[in-house]
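What follows is the residue order along each chain.
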Protein chains: 2
Amino acid sequence: MPRSNTEKYADMLRKQGLKVTPQRLELISLLTRLKEPMSAHEIKAKWKQGDIDTVTLYRALDALVDAGIVQRVDLQHGHTDYELLVPGEHHHHLVCTDCGTIEDFVGCPGKNMEKLALKSSSQFVSLREHSLEFFGTCKTCAV
Amino acid sequence: MPRSNTEKYADMLRKQGLKVTPQRLELISLLTRLKEPMSAHEIKAKWKQGDIDTVTLYRALDALVDAGIVQRVDLQHGHTDYELLVPGEHHHHLVCTDCGTIEDFVGCPGKNMEKLALKSSSQFVSLREHSLEFFGTCKTCAV
DNA sequence: CTTGCAAATGCAATAGTATTGCGTTTATAA
DNA sequence: TTATAAACGCAATACTATTGCATTTGCAAG
Ligand SMILES: [Mn+2]
Ligand SMILES: [Mn+2]
Ligand SMILES: [Zn+2]
Ligand SMILES: [Zn+2]
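Treat the numbers as computed from the prediction; the structure is a model and nothing was measured. (Residues numbered from 1 in each chain as written. Chains lettered and ligands numbered in written order. Predicted model: local features only at pLDDT ≥ 70, side-chain atom pairs only at ≥ 80, totals over all residues. Heavy atoms only, no water.)

> How should I be thinking about the overall build of chain A in this particular structure?
Looking only at helices and strands, chain A has 6 helices and 6 strands in total. Beginning at the N terminus, the succession of helices and strands in chain A can be written as α-α-β-α-α-β-β-β-β-α-β-α. Its C-alpha atoms give chain A principal-axis dimensions of about 45 × 45 × 30 Å. Every one of the 143 residues in chain A was classed for burial, and the buried ones make up 43%. In chain A, 47% of the contacts between residues at least 6 apart in sequence involve partners at least 24 apart. Of the roughly 7,900 Å² that chain A leaves accessible, carbon and sulfur atoms contribute 50%. (Helix = DSSP H or I, 4+ residues; strand = E, 2+ residues; numbered from the N terminus. Buried < 20%, exposed > 50% of the residue type's maximum accessible area, 1.4 Å probe, protein only. Contact = heavy atoms within 4.5 Å. Areas by Shrake-Rupley, 256 points an atom, 1.4 Å probe, with all protein chains shown as cover.)

> I keep staring at the relation of the copies chain A and chain B and nothing clicks. Help me out?
The operation relating the pair of chain copies consists of a rotation about an axis and a translation along that axis. Under the fitted operation, chain A is carried onto chain B by 0.0 Å of movement along the axis and a turn of 180°, and the coordinates agree to an RMSD of 0.1 Å. Viewed as a symmetry operation, the transformation between the two copies matches a two-fold axis. Relative to the rotation axis, the closest C-alpha in chain A is found at L132(A), a distance of 2.2 Å. Taken as a fraction of all interface residues of chain A, those also at the interface in chain B reach 100%, which identifies the copy contact as same-surface. (Least-squares fit on C-alpha atoms with pLDDT ≥ 70 in both.)

> Explanation requested: the protein's contact with DNA strand C in the structure shown.
Taken together, 19 residues surround DNA strand C, and among them Y58(A), T21(B), R24(B), T56(B) and R59(B) come closest. Counted by atom, the contact set of DNA strand C within 4 Å of the protein is 64% sugar and phosphate. Between DNA strand C and T21(B), the relevant distance is 2.7 Å, taken from a phosphate oxygen to a side-chain nitrogen or oxygen of the residue. Of all the secondary structure elements, the ones that give two or more residues to the surface near DNA strand C are α4 (54-66) of chain A together with α2 (22-33) and α4 (54-66) of chain B. Considered class by class, the residues forming the surface near DNA strand C number 6 nonpolar, 6 polar and 7 charged. (Near = heavy atom within 4 Å. Polar contact = N/O pair within 3.5 Å; in protein donor to acceptor, adjacent residues only side chain to side chain. Nonpolar A, V, L, I, M, F, W, Y, C, P; charged D, E, K, R; others polar.)

> What exactly am I supposed to notice about the side chain of R24(A) here?
Mapped onto the secondary structure, R24(A) falls in helix α2 (residues 22-33). There is no salt bridge for the buried R24(A), and the closest opposite charge comes from D66(A), which lies 8.3 Å off by N-O distance. (Lys, Arg positive; Asp, Glu negative; His and termini not counted. Salt bridge = Lys/Arg side-chain N within 4 Å of Asp/Glu carboxyl O.)

Set out below in structure tokens:
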């Protein structure tokens, strides 16, 4: 990972009063190379520099989520998956319920949906986030 | 619960080759009265006829999901919540991250979103379901 | 109404996911 | 260089959900 990106993420951490540690840097570096969201255990299995304690990994993931670097995703796998968040963007996923194939969906009309949701709501005045995942069958599995 | 509704759900179970048991009927009856999605443990705590074994409850919930009577919801509570599904409809939720207030959102433009998602996809040709939940702050907590 | 049997139940054990407490180590700012 | 709050690693524990198996039961066939 180029130095500029590393420094960008380091700043995002420090901005939240969080420390920049070797573990957190390797975690970011690892997530940068992933093409799909991954569970804590899968991440742990991919760890290069020796090993990382499971607790430390979960706490590092929490820290990155707090800093807005990582987002949690629920793909109905029975656990939380994590992926790097591109700043200023957001995206969702298409999941094949047969083979597990995952594809990103980037054209989410989030603002419109939130407007719609707020208009129909009697109790809410502002929305900060939303989860959205699609489940279906990919070309390969459709036969 | 009126007899007609009970019979309707019983038929939905039998149609899937699933049996109609006292536990499943009480579970449906209990879910009918709920205004919010609930976890397995919360449902167990509300059980009236004596007690239900946790395993039986999970298996009954699975059965109702298979029969299309119940849907699973992830409200980022660290567990699965369950709620009765109105046949032919679907809805999502607004969740207050401060106090936990939950409000239904019924005006989901699901068909359009799926069309949008499929158009942008290179690997998928059909989508069956989607998850969508909004997270924000309710009027009471906004101050 | 009886009977046969696959499906469902209850209990015990276990798996999988995530968190807490605490003593030691380390990043960072003074 | 030093002080200190944050982070780390390890052990224990909590919480969520599932598996295996002996027993019971829904329900359809006769
Ligand atoms: Mn993604
Ligand atoms: Mn609801
Ligand atoms: Zn597939
Ligand atoms: Zn609130």
